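Remarks on the overall topology
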Amino acid sequence: MWVVAAALGTGAVLSGLLAPSEALAVLARTAPVLVFLVAVTVLAELAQAAQVFDVAAVHAARAARGRVPLLFVVVVLLCTVTTVALSLDTTAVLLTPVVLALASRLALPPLPFAMASVWLANTASLALPVSNLTNLLALRALGLSTAGYARAMALPATAAVLVAVLVLVLWQRRALTGRYLVPDVVRPDDRAFFTVAALACVLLVPVLAAGVPVPWAAAGSAALAGAAAAVRRPRLLRLSLLPWRLVVLVAGLFVVVEALGPLGLDAALGSVADGHGRFVTAAVAAGAANAVNNLPAYLALERVVAGQDLLAVLLGVNLGPLITPWGSVATLLWAERCRSAGVHVPWPTFAAAGALLVTLLLLATVPLLP
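Let me sum up the structure you'll find in this document. (Residues numbered from 1 in each chain as written. Predicted model: local features only at pLDDT ≥ 70, side-chain atom pairs only at ≥ 80, totals over all residues. Heavy atoms only, no water.)

1. A short note on the overall build of the protein chain
- Of the regular secondary structure elements, the protein chain holds 16 helices and zero strands.
- Overall size of the protein chain, expressed as C-alpha extent along the three principal axes, is 60 × 45 × 40 Å.
- Within the span of the protein chain, comprising 370 residues, buried residues form 53% of the whole.
- Contacts spanning at least 24 positions in sequence make up 84% of the contacts within the protein chain whose residues lie at least 6 apart.
- Of the roughly 15500 Å² of accessible surface on the protein chain, a fraction of 69% belongs to carbon and sulfur atoms.
- One way to put it: in the protein chain the 21 positive side-chain charges average out to a point 13 Å from where the 13 negative ones average out. (Helix = DSSP H or I, 4+ residues; strand = E, 2+ residues; numbered from the N terminus. Buried < 20%, exposed > 50% of the residue type's maximum accessible area, 1.4 Å probe, protein only. Contact = heavy atoms within 4.5 Å. Areas by Shrake-Rupley, 256 points an atom, 1.4 Å probe, with all protein chains shown as cover. Lys, Arg positive; Asp, Glu negative; His and termini not counted. Charge placed at Lys NZ, Arg CZ, Asp CG, Glu CD.)

Set out below in C-alpha coordinates:
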(Lines give C-alpha, C1' and ligand atoms only; values in the text may rest on other atoms or scores of the structure.)
Protein backbone atom coordinates (compact mmCIF):
# COMPACT_ATOMS: atom_id res chain seq x y z
CA MET A 1 0.00 0.00 0.00
CA TRP A 2 2.72 2.44 0.92
CA VAL A 3 4.54 1.76 -2.35
CA VAL A 4 1.42 2.61 -4.36
CA ALA A 5 0.78 5.78 -2.34
CA ALA A 6 4.40 6.89 -2.79
CA ALA A 7 4.32 6.21 -6.53
CA LEU A 8 1.02 8.05 -7.04
CA GLY A 9 2.11 11.04 -4.96
CA THR A 10 5.46 11.31 -6.72
CA GLY A 11 3.78 10.88 -10.10
CA ALA A 12 1.34 13.70 -9.35
CA VAL A 13 4.25 16.08 -8.81
CA LEU A 14 6.47 14.87 -11.67
CA SER A 15 3.58 14.97 -14.14
CA GLY A 16 2.74 18.55 -13.25
CA LEU A 17 -0.68 17.78 -11.80
CA LEU A 18 0.54 19.32 -8.55
CA ALA A 19 3.24 21.97 -8.35
CA PRO A 20 6.15 21.21 -6.01
CA SER A 21 5.21 24.23 -3.89
CA GLU A 22 1.65 22.90 -3.56
CA ALA A 23 2.93 19.45 -2.60
CA LEU A 24 5.16 21.01 0.05
CA ALA A 25 2.20 23.00 1.38
CA VAL A 26 0.18 19.76 1.66
CA LEU A 27 3.02 18.06 3.51
CA ALA A 28 3.33 21.07 5.83
CA ARG A 29 -0.38 20.74 6.72
CA THR A 30 0.11 17.01 7.17
CA ALA A 31 3.23 17.39 9.33
CA PRO A 32 1.40 17.39 12.72
CA VAL A 33 -0.35 14.14 11.81
CA LEU A 34 2.95 12.56 10.72
CA VAL A 35 4.78 13.72 13.86
CA PHE A 36 2.05 12.22 15.99
CA LEU A 37 2.13 8.99 13.98
CA VAL A 38 5.87 8.56 14.49
CA ALA A 39 5.86 9.60 18.15
CA VAL A 40 3.02 7.36 19.33
CA THR A 41 4.42 4.36 17.45
CA VAL A 42 7.83 4.78 19.08
CA LEU A 43 6.17 5.25 22.49
CA ALA A 44 4.09 2.09 22.04
CA GLU A 45 7.07 -0.01 20.92
CA LEU A 46 9.20 1.08 23.87
CA ALA A 47 6.35 0.67 26.37
CA GLN A 48 5.74 -2.82 25.06
CA ALA A 49 9.44 -3.67 25.47
CA ALA A 50 9.27 -2.35 29.04
CA GLN A 51 6.33 -4.70 29.78
CA VAL A 52 3.96 -1.81 30.51
CA PHE A 53 1.14 -3.44 28.58
CA ASP A 54 1.69 -6.84 30.16
CA VAL A 55 1.33 -5.36 33.64
CA ALA A 56 -1.74 -3.34 32.65
CA ALA A 57 -3.33 -6.43 31.10
CA VAL A 58 -2.87 -8.42 34.29
CA HIS A 59 -4.49 -5.68 36.37
CA ALA A 60 -7.48 -5.62 34.01
CA ALA A 61 -7.75 -9.41 34.19
CA ARG A 62 -7.66 -9.37 37.98
CA ALA A 63 -10.31 -6.62 38.09
CA ALA A 64 -12.72 -8.84 36.10
CA ARG A 65 -12.20 -11.70 38.61
CA GLY A 66 -12.01 -14.50 36.08
CA ARG A 67 -15.25 -13.78 34.22
CA VAL A 68 -14.88 -13.31 30.45
CA PRO A 69 -18.09 -11.26 29.97
CA LEU A 70 -17.04 -8.86 32.73
CA LEU A 71 -13.57 -8.62 31.23
CA PHE A 72 -15.11 -7.64 27.90
CA VAL A 73 -17.16 -4.93 29.64
CA VAL A 74 -13.95 -3.58 31.22
CA VAL A 75 -12.28 -3.47 27.78
CA VAL A 76 -15.29 -1.71 26.23
CA LEU A 77 -15.36 0.94 28.96
CA LEU A 78 -11.61 1.53 28.75
CA CYS A 79 -11.67 1.89 24.96
CA THR A 80 -14.70 4.20 25.00
CA VAL A 81 -13.46 6.51 27.74
CA THR A 82 -9.94 6.71 26.31
CA THR A 83 -11.24 7.52 22.83
CA VAL A 84 -13.66 10.19 24.01
CA ALA A 85 -11.15 11.90 26.29
CA LEU A 86 -7.86 11.37 24.47
CA SER A 87 -8.63 10.54 20.81
CA LEU A 88 -9.02 7.41 18.75
CA ASP A 89 -5.30 7.28 17.96
CA THR A 90 -4.44 7.03 21.66
CA THR A 91 -6.80 4.06 21.97
CA ALA A 92 -5.28 2.40 18.91
CA VAL A 93 -1.73 2.81 20.16
CA LEU A 94 -1.94 2.47 23.95
CA LEU A 95 -4.96 0.24 24.55
CA THR A 96 -4.66 -2.19 21.65
CA PRO A 97 -1.43 -3.70 23.05
CA VAL A 98 -3.10 -4.01 26.46
CA VAL A 99 -6.11 -5.94 25.19
CA LEU A 100 -3.95 -8.14 22.95
CA ALA A 101 -1.61 -8.92 25.84
CA LEU A 102 -4.70 -9.66 27.91
CA ALA A 103 -6.04 -12.21 25.42
CA SER A 104 -2.63 -13.83 25.03
CA ARG A 105 -1.93 -14.14 28.75
CA LEU A 106 -5.38 -15.57 29.49
CA ALA A 107 -5.41 -17.88 26.45
CA LEU A 108 -8.57 -16.21 25.13
CA PRO A 109 -9.43 -15.73 21.44
CA PRO A 110 -7.88 -12.35 20.49
CA LEU A 111 -10.37 -11.41 17.75
CA PRO A 112 -13.22 -9.97 19.89
CA PHE A 113 -10.81 -7.90 21.97
CA ALA A 114 -8.84 -6.69 18.95
CA MET A 115 -12.03 -5.73 17.11
CA ALA A 116 -13.41 -3.96 20.19
CA SER A 117 -10.33 -1.78 20.23
CA VAL A 118 -10.51 -0.66 16.59
CA TRP A 119 -14.31 -0.43 16.37
CA LEU A 120 -14.64 1.66 19.52
CA ALA A 121 -11.65 3.80 18.61
CA ASN A 122 -13.50 4.92 15.49
CA THR A 123 -17.13 4.96 16.70
CA ALA A 124 -16.56 6.68 20.04
CA SER A 125 -14.51 9.37 18.29
CA LEU A 126 -17.69 11.29 17.42
CA ALA A 127 -18.26 12.45 20.98
CA LEU A 128 -15.96 15.46 21.50
CA PRO A 129 -13.79 17.70 19.30
CA VAL A 130 -10.61 16.24 20.85
CA SER A 131 -11.75 12.70 20.11
CA ASN A 132 -10.83 12.95 16.44
CA LEU A 133 -8.77 15.39 14.39
CA THR A 134 -11.57 15.59 11.83
CA ASN A 135 -13.84 17.00 14.55
CA LEU A 136 -11.31 19.72 15.34
CA LEU A 137 -11.03 20.55 11.65
CA ALA A 138 -14.84 20.83 11.40
CA LEU A 139 -15.38 23.13 14.40
CA ARG A 140 -14.44 26.28 12.52
CA ALA A 141 -16.47 25.40 9.43
CA LEU A 142 -19.51 24.51 11.53
CA GLY A 143 -19.24 27.59 13.73
CA LEU A 144 -19.75 25.50 16.88
CA SER A 145 -18.20 25.79 20.32
CA THR A 146 -16.88 22.69 22.05
CA ALA A 147 -20.07 22.48 24.12
CA GLY A 148 -22.23 23.03 21.07
CA TYR A 149 -20.47 20.27 19.20
CA ALA A 150 -20.82 17.89 22.16
CA ARG A 151 -24.58 18.56 22.33
CA ALA A 152 -25.00 18.04 18.59
CA MET A 153 -23.17 14.72 18.60
CA ALA A 154 -24.28 13.30 21.97
CA LEU A 155 -27.05 11.08 20.61
CA PRO A 156 -25.26 9.91 17.43
CA ALA A 157 -22.09 9.11 19.39
CA THR A 158 -23.98 7.15 22.03
CA ALA A 159 -25.88 5.21 19.38
CA ALA A 160 -22.68 4.46 17.46
CA VAL A 161 -20.97 2.93 20.49
CA LEU A 162 -24.03 0.87 21.43
CA VAL A 163 -24.46 -0.47 17.89
CA ALA A 164 -20.78 -1.39 17.61
CA VAL A 165 -20.79 -3.24 20.93
CA LEU A 166 -24.06 -5.03 20.13
CA VAL A 167 -22.84 -6.22 16.73
CA LEU A 168 -19.54 -7.40 18.20
CA VAL A 169 -21.25 -9.29 21.04
CA LEU A 170 -23.62 -11.02 18.63
CA TRP A 171 -20.78 -11.89 16.28
CA GLN A 172 -18.35 -13.14 18.95
CA ARG A 173 -20.86 -14.37 21.56
CA ARG A 174 -19.30 -17.84 21.80
CA ALA A 175 -15.86 -16.41 22.52
CA LEU A 176 -17.21 -14.05 25.19
CA THR A 177 -18.45 -16.66 27.65
CA GLY A 178 -16.90 -18.71 30.41
CA ARG A 179 -14.17 -18.03 32.90
CA TYR A 180 -10.38 -17.81 32.99
CA LEU A 181 -7.72 -18.40 35.60
CA VAL A 182 -6.97 -15.12 37.35
CA PRO A 183 -3.26 -14.42 36.77
CA ASP A 184 -0.72 -13.54 39.41
CA VAL A 185 0.70 -10.04 39.57
CA VAL A 186 3.47 -9.51 37.00
CA ARG A 187 6.74 -7.94 38.07
CA PRO A 188 8.68 -6.26 35.23
CA ASP A 189 12.19 -7.48 34.45
CA ASP A 190 13.64 -3.94 34.56
CA ARG A 191 11.70 -1.90 37.09
CA ALA A 192 13.44 1.40 36.30
CA PHE A 193 12.75 1.13 32.55
CA PHE A 194 9.18 0.02 33.26
CA THR A 195 8.54 2.93 35.62
CA VAL A 196 9.73 5.61 33.19
CA ALA A 197 7.96 4.03 30.18
CA ALA A 198 4.73 3.72 32.16
CA LEU A 199 5.09 7.32 33.32
CA ALA A 200 5.54 8.40 29.69
CA CYS A 201 2.24 6.73 28.78
CA VAL A 202 0.35 8.01 31.81
CA LEU A 203 1.60 11.59 31.43
CA LEU A 204 0.12 11.72 27.94
CA VAL A 205 -3.36 11.86 29.51
CA PRO A 206 -3.08 15.07 31.59
CA VAL A 207 -0.84 16.74 29.02
CA LEU A 208 -3.46 16.27 26.30
CA ALA A 209 -6.22 17.29 28.71
CA ALA A 210 -4.29 20.49 29.45
CA GLY A 211 -4.54 21.47 25.79
CA VAL A 212 -0.97 20.79 24.65
CA PRO A 213 -1.00 20.16 20.87
CA VAL A 214 -1.33 16.44 20.20
CA PRO A 215 1.91 16.06 18.17
CA TRP A 216 4.04 17.79 20.82
CA ALA A 217 2.45 15.83 23.66
CA ALA A 218 3.12 12.54 21.89
CA ALA A 219 6.67 13.60 20.98
CA GLY A 220 7.41 14.50 24.60
CA SER A 221 6.19 11.13 25.86
CA ALA A 222 8.19 9.30 23.19
CA ALA A 223 11.31 11.29 24.08
CA LEU A 224 10.92 10.41 27.77
CA ALA A 225 10.58 6.69 27.00
CA GLY A 226 13.45 6.96 24.52
CA ALA A 227 15.72 8.52 27.12
CA ALA A 228 15.01 5.64 29.49
CA ALA A 229 15.72 3.13 26.74
CA ALA A 230 19.00 4.88 25.89
CA VAL A 231 20.18 4.33 29.47
CA ARG A 232 18.68 0.91 30.22
CA ARG A 233 18.15 -0.81 26.85
CA PRO A 234 20.12 1.05 24.14
CA ARG A 235 19.72 -1.79 21.64
CA LEU A 236 16.02 -0.94 21.39
CA LEU A 237 16.83 2.38 19.73
CA ARG A 238 17.04 1.29 16.10
CA LEU A 239 15.67 2.62 12.82
CA SER A 240 13.03 -0.10 12.69
CA LEU A 241 11.24 1.70 15.54
CA LEU A 242 10.16 4.38 13.07
CA PRO A 243 6.94 3.61 11.13
CA TRP A 244 8.27 5.03 7.88
CA ARG A 245 5.92 2.94 5.73
CA LEU A 246 2.90 4.45 7.46
CA VAL A 247 4.37 7.93 7.10
CA VAL A 248 4.85 7.43 3.36
CA LEU A 249 1.33 6.03 2.99
CA VAL A 250 -0.40 8.91 4.79
CA ALA A 251 1.69 11.62 3.10
CA GLY A 252 1.16 10.06 -0.32
CA LEU A 253 -2.62 9.89 0.16
CA PHE A 254 -2.79 13.58 1.12
CA VAL A 255 -0.78 14.59 -1.95
CA VAL A 256 -2.89 12.45 -4.29
CA VAL A 257 -6.21 13.83 -3.01
CA GLU A 258 -4.90 17.39 -3.31
CA ALA A 259 -3.86 16.75 -6.90
CA LEU A 260 -7.17 15.14 -7.87
CA GLY A 261 -9.33 17.94 -6.44
CA PRO A 262 -9.14 20.35 -9.43
CA LEU A 263 -9.23 17.43 -11.88
CA GLY A 264 -12.80 16.53 -11.08
CA LEU A 265 -12.71 14.95 -7.63
CA ASP A 266 -14.24 18.00 -5.97
CA ALA A 267 -16.93 18.29 -8.65
CA ALA A 268 -17.77 14.59 -8.43
CA LEU A 269 -17.99 14.62 -4.65
CA GLY A 270 -20.08 17.78 -4.70
CA SER A 271 -22.54 16.45 -7.25
CA VAL A 272 -23.18 13.33 -5.18
CA ALA A 273 -22.73 14.45 -1.58
CA ASP A 274 -24.30 17.90 -1.54
CA GLY A 275 -28.06 18.31 -1.84
CA HIS A 276 -29.04 14.64 -1.87
CA GLY A 277 -29.84 14.19 1.79
CA ARG A 278 -27.74 13.54 4.85
CA PHE A 279 -27.67 9.78 4.52
CA VAL A 280 -26.17 10.03 1.03
CA THR A 281 -23.68 12.62 2.26
CA ALA A 282 -22.62 10.37 5.15
CA ALA A 283 -22.36 7.33 2.86
CA VAL A 284 -20.20 9.23 0.35
CA ALA A 285 -17.97 10.42 3.20
CA ALA A 286 -17.61 6.86 4.50
CA GLY A 287 -16.73 5.59 1.04
CA ALA A 288 -14.18 8.37 0.52
CA ALA A 289 -12.59 7.66 3.91
CA ASN A 290 -12.13 4.00 3.03
CA ALA A 291 -10.72 4.95 -0.35
CA VAL A 292 -8.16 7.56 0.64
CA ASN A 293 -8.14 7.89 4.49
CA ASN A 294 -10.57 9.93 6.54
CA LEU A 295 -8.46 13.08 6.94
CA PRO A 296 -7.95 13.89 3.24
CA ALA A 297 -11.52 12.70 2.60
CA TYR A 298 -12.86 15.21 5.12
CA LEU A 299 -10.77 18.05 3.65
CA ALA A 300 -12.00 17.23 0.15
CA LEU A 301 -15.65 17.11 1.25
CA GLU A 302 -15.38 20.28 3.32
CA ARG A 303 -14.72 22.12 0.08
CA VAL A 304 -18.04 21.03 -1.44
CA VAL A 305 -20.50 20.42 1.46
CA ALA A 306 -21.98 23.44 3.17
CA GLY A 307 -23.43 24.30 6.56
CA GLN A 308 -24.79 21.77 9.01
CA ASP A 309 -24.55 18.98 6.45
CA LEU A 310 -20.91 18.82 7.52
CA LEU A 311 -22.21 16.91 10.55
CA ALA A 312 -23.20 14.12 8.16
CA VAL A 313 -19.72 14.26 6.65
CA LEU A 314 -18.29 13.77 10.13
CA LEU A 315 -20.48 10.72 10.66
CA GLY A 316 -19.10 9.23 7.48
CA VAL A 317 -15.42 9.97 8.02
CA ASN A 318 -15.49 9.00 11.72
CA LEU A 319 -17.66 5.89 11.57
CA GLY A 320 -16.76 4.78 8.07
CA PRO A 321 -13.05 3.83 8.28
CA LEU A 322 -13.73 0.25 9.33
CA ILE A 323 -13.53 -1.48 5.95
CA THR A 324 -10.06 -0.79 4.56
CA PRO A 325 -6.87 -0.78 6.69
CA TRP A 326 -5.95 2.74 5.57
CA GLY A 327 -9.38 4.23 6.33
CA SER A 328 -8.02 6.15 9.33
CA VAL A 329 -4.66 6.67 10.97
CA ALA A 330 -6.08 4.88 14.01
CA THR A 331 -6.88 1.79 11.93
CA LEU A 332 -3.35 1.84 10.52
CA LEU A 333 -1.88 2.15 14.01
CA TRP A 334 -4.14 -0.64 15.24
CA ALA A 335 -2.99 -2.89 12.42
CA GLU A 336 0.65 -2.18 13.31
CA ARG A 337 0.01 -3.03 16.97
CA CYS A 338 -1.69 -6.31 15.93
CA ARG A 339 1.21 -7.18 13.67
CA SER A 340 3.73 -6.36 16.40
CA ALA A 341 1.84 -8.61 18.85
CA GLY A 342 1.66 -11.48 16.36
CA VAL A 343 -2.15 -11.28 16.06
CA HIS A 344 -3.48 -11.86 12.55
CA VAL A 345 -6.89 -10.46 11.65
CA PRO A 346 -7.73 -11.52 8.06
CA TRP A 347 -8.51 -8.43 6.01
CA PRO A 348 -11.46 -10.09 4.20
CA THR A 349 -13.02 -10.75 7.61
CA PHE A 350 -12.23 -7.24 8.77
CA ALA A 351 -13.72 -5.70 5.62
CA ALA A 352 -16.88 -7.82 5.55
CA ALA A 353 -17.67 -7.21 9.21
CA GLY A 354 -16.80 -3.53 8.84
CA ALA A 355 -19.06 -3.06 5.81
CA LEU A 356 -22.02 -4.47 7.72
CA LEU A 357 -21.24 -2.41 10.81
CA VAL A 358 -20.78 0.85 8.90
CA THR A 359 -24.14 0.36 7.18
CA LEU A 360 -25.88 -0.20 10.51
CA LEU A 361 -24.04 2.73 12.09
CA LEU A 362 -25.15 5.19 9.42
CA LEU A 363 -28.74 3.93 9.54
CA ALA A 364 -28.74 4.39 13.33
CA THR A 365 -26.96 7.74 13.61
CA VAL A 366 -27.97 9.91 10.66
CA PRO A 367 -31.60 10.33 11.89
CA LEU A 368 -30.22 11.48 15.26
CA LEU A 369 -28.37 14.49 13.84
CA PRO A 370 -29.84 17.87 14.89
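On we go from here.
2. Focus: the state of the cysteines
- Inspection of every chain in the model, using the stated rule, returns zero disulfides.
- Distance from the sulfur of Cys201, which forms no disulfide, to the nearest cysteine sulfur (Cys79) is 15 Å.
- With a relative accessible area of 9%, Cys201 lands in the buried category.
- Here Cys338 is not disulfide-linked; the sulfur of Cys79 is the nearest cysteine sulfur, at 12 Å.
- On the accessibility criterion, Cys338 (4% relative accessible area) is buried. (Disulfide = S-S within 2.5 Å.)

3. Re the packing of helix H7 (residues 133-142) against helix H14 (residues 310-319)
- Contact pair H7 / H14: the axes reach a minimum separation of 11 Å and the direction vectors enclose 175 degrees. One element, H7, and the other, H14, form an angle in the roughly antiparallel class. The segment H7 lies against H14, with Thr134, Asn135, Ala138, Ala141 and Leu142 engaging Leu310, Leu311, Leu314, Val317 and Asn318.
- Looking at the contact of H7 with H14, its residues break down into seven nonpolar, three polar and no charged. (Axes fitted to C-alpha atoms, helices over the stretch in contact; angles between N-to-C directions. Parallel < 35°, antiparallel > 145°, perpendicular 65-115°, else oblique. Nonpolar A, V, L, I, M, F, W, Y, C, P; charged D, E, K, R; others polar.)

4. Focus on the packing of aromatic side chains
- Throughout the structure, instances matching the rule amount to five aromatic pairs.
- When the ring of Trp347 is compared with that of Phe350, the centres are 4.9 Å apart and the planes differ by 85 degrees; the resulting orientation is edge-to-face. Residue Trp347 and its partner Phe350 are located together in helix H16 (residues 347-365), separated by three residues, close to a single helical turn.
- Since its relative accessible area comes to 0%, Phe350 is described here as buried.
- Through successive ring pairs, a cluster of aromatic residues spans Trp334, Trp347 and Phe350. (Phe/Tyr/Trp six-rings, centres within 6.5 Å; stacked < 30°, edge-to-face > 60°.)

5. Comments concerning helix H13 (residues 294-302)
- Counting buried positions along H13 yields seven of nine residues, so the element is predominantly enclosed.
- Regarding H13, the residues found buried are Asn294, Leu295, Pro296, Ala297, Tyr298, Ala300 and Leu301.
- The opening residue of H13, the one whose side-chain oxygen lies 3.0 Å from the backbone nitrogen of Leu295, is Asn293. (Polar contact = N/O pair within 3.5 Å; in protein donor to acceptor, adjacent residues only side chain to side chain.)

6. A short note on empty space enclosed by the protein
- Under the definition given, this model contains one cavity of 30 Å³ or more.
- Empty space within the largest cavity amounts to approximately 50 Å³.
- The wall of the largest cavity is formed by Val26, Arg29, Phe254, Val257, Glu258, Pro296, Leu299, Ala300 and Arg303.
- At the level of elements, helix H2 (20-49), helix H11 (244-273) and H13 are the ones that each hand at least two residues to the lining of the largest cavity. (1 Å grid on protein atoms, 1.4 Å probe; cavity = no way out; pocket = protein on both sides within 12 Å on 5 of 7 lines; lining within 4 Å. Points joined across faces, edges and corners; volume = space filled by probe spheres on them.)

7. Structural notes on the side chain of Thr324
- Relative to the helices and strands, Thr324 resides in the loop between H14 and helix H15 (329-341).
- In terms of polar contacts, Thr324 uses its side chain to reach the backbone carbonyl oxygen of Asn290, at 2.7 Å.
- Discounting residues that sit within four places of it in the chain, Thr324 has contacts with Asn290, Thr331 and Phe350.

Fair warning: the whole summary comes from geometry, so function is off the table for now.
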